[in-house]
Amino acid sequence: MRGLINYGTYCSINSVVQCLYETRELRDLIRRVDERDYQAPNHKNTVAPTLKSLIREMSTDGPSPCDPSCLVDSMSAYSGVRFDVQEDSELIFKCIVNALADGCGAAKEIGKLWDIEKEDSVRCLGCNAVRSIRTKSNTIPVSIEENLPDELQEYIKRHSDTTTTCDCHCANCHTRTRVEIASKVVSLPPVVCMRIARVKNIGRGAAHIVKTEKRFAFTETVDLKYLVKEPADTPTLYELYAVVAHRGTHYCGHYTAYVRAEDSWYIADDTYIRMCSWGDVKTTYEAGSNLYDGVAYMLMYRRRNSSR
Ligand SMILES: [Zn+2]
């Protein structure tokens, strides 16, 4: 493993890149990205070849940390975001994955690695008519409100039964009536990114964004069968391989990544890489219990039995 240089605001990018590097499904595919597909002078999206180049450098032995600047520049050119202030790591993840999905050839396949297809159904409680729509997303939000379980597997079990109701116009019986909304996953991807919703708006405007440090526990394996609409013929047991942790406030803080490589856990803190234990990873359940004071913010799981 190689560290990554932080030019002041890059810790969120560095943490996400370390997680992507340990996504072997991505590493297998990115070798097939062809730089020639991106050489047109007006090609705005060069995220795939710059990520390929950075990952190639990270996979070689070297005494010095790698420089992620070219990737950051290509992300800026693609998204219009300047990355001169620390950005949320989920935004970084989505920026990279969406740029890959918007790229050419193998990059498109990488962009789909995390795709979760969901079906949202709306049932009119007046006439019982059901309408369904299918949507895609590349992260699963995990809410940590007070009334919800503070452990991932329990949360997923409970979350799968959650339906909400609201008042809405029914296109079938043409009345404003109570409707029930349920959301189920149709198909699970080989890798899953969960984002623990630690940041929330408690009022209008940027000054009202707060981060909660509430305890939230997770295990090295999790069964996602509870999320799936129909019994799946693919395995639903997933293994944790990367965690992005954050310490500090929403406005001023520091990101680190915990990644599992060859069955050992490592902490990646910009240029600094150190082997650690699963016990160290578990300290990110809550603040104040580890050296970095970081709390887990994003969790990456991969399907067990997927190709090594
Ligand atoms: Zn109706």
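For the structure, see preceding data.
Residues numbered from 1 in each chain as written. Predicted model: local features only at pLDDT ≥ 70, side-chain atom pairs only at ≥ 80, totals over all residues.

1. A closer look at the sheet that holds strand E2 (residues 130-137)
Formally: Pairing between strands requires that DSSP locate at least two bridges from one strand to the other. Numbering goes from the N terminus for both helices and strands, where a helix is a DSSP run of H or I of at least four residues and a strand is a run of E of at least two. In this description, a line fitted to the C-alpha atoms serves as the axis of each element, helices being fitted only across the stretch in contact, and the angle between N-to-C directions of two axes falls anywhere from 0 to 180 degrees.
Spatially, the four strands line up as an open sheet ordered E2-E1-E5-E4, and their pairing is antiparallel. Each end of this open sheet is capped by a strand with a single partner; those strands are E2 and strand E4 (163-169). Put simply, the sheet's adjacent strands are angled 30° from each other on average, direction ignored. Pairing analysis gives seven bridges linking E4 to strand E5 (residues 176-187), with the strands arranged antiparallel. By the bridge assignment, aspartate 167 is partnered in E5 with arginine 178.

2. Here's the deal with the packing of helix H3 (residues 47-58) against helix H4 (residues 69-79)
The cut-off we apply is this: For classification purposes, an angle smaller than 35 degrees is called roughly parallel, one larger than 145 roughly antiparallel, one from 65 to 115 roughly perpendicular, and anything else oblique. Handedness of a crossing follows from how the near helix is turned relative to the far one, being left-handed for an anticlockwise turn of less than a right angle and right-handed for a clockwise one. Placing a C-beta atom from the backbone of each residue, one calls two residues in contact when those atoms lie within 7 Å. Asp, Glu, Lys and Arg are counted as charged, while Ala, Val, Leu, Ile, Met, Phe, Trp, Tyr, Cys and Pro are counted as nonpolar; the rest, among them Gly, fall into the polar class.
Interaxial distance between H3 and H4 falls to 9 Å at its minimum, and their mutual angle equals 165°. With respect to H4, the axis of H3 lies roughly antiparallel. Handedness of the crossing formed by H3 with H4: left-handed. For the pair H3 and H4, the contacting residues are Val47, Thr50, Leu51, Ser53 and Leu54 in the first and Cys70, Leu71, Ser74, Met75 and Tyr78 in the second. Looking at the contact of H3 with H4 residue by residue, the classes come out as seven nonpolar, three polar and no charged.

3. Brief notes about the pairing of strand E12 (residues 264-269)
Pairing analysis gives five bridges linking strand E11 (residues 253-261) to E12, with the strands arranged antiparallel. For alanine 261, the partnering residue across the bridge sits in E12 and is serine 264. In the sheet, E12 pairs with strand E13 (residues 272-276) via five bridges, with the strands oriented antiparallel. Paired with tryptophan 265 across the bridge in E13 is cysteine 276.

4. A few points about the nonpolar core
Using the following cut-off: Each nonpolar core reported here comprises buried Ala, Val, Leu, Ile, Met, Phe, Trp, Tyr and Cys residues connected via C-beta atoms within 7 Å. Neighbour counting defines burial: a residue surrounded by 20 or more other C-beta atoms within 10 Å of its own C-beta is buried, one with 12 or fewer is exposed, and intermediate counts give partly exposed, using backbone-placed C-beta atoms.
Counting 75 residues, the largest nonpolar core has Ile96 and Val192 as its most contacted members. Sequence-distant contacts of valine 192, that is, excluding residues within four places in its chain, are made with Trp114, Ile140, Leu224, Tyr238 and Tyr301.

Everything listed here is a matter of geometry and, on its own, says nothing about what the molecule does.
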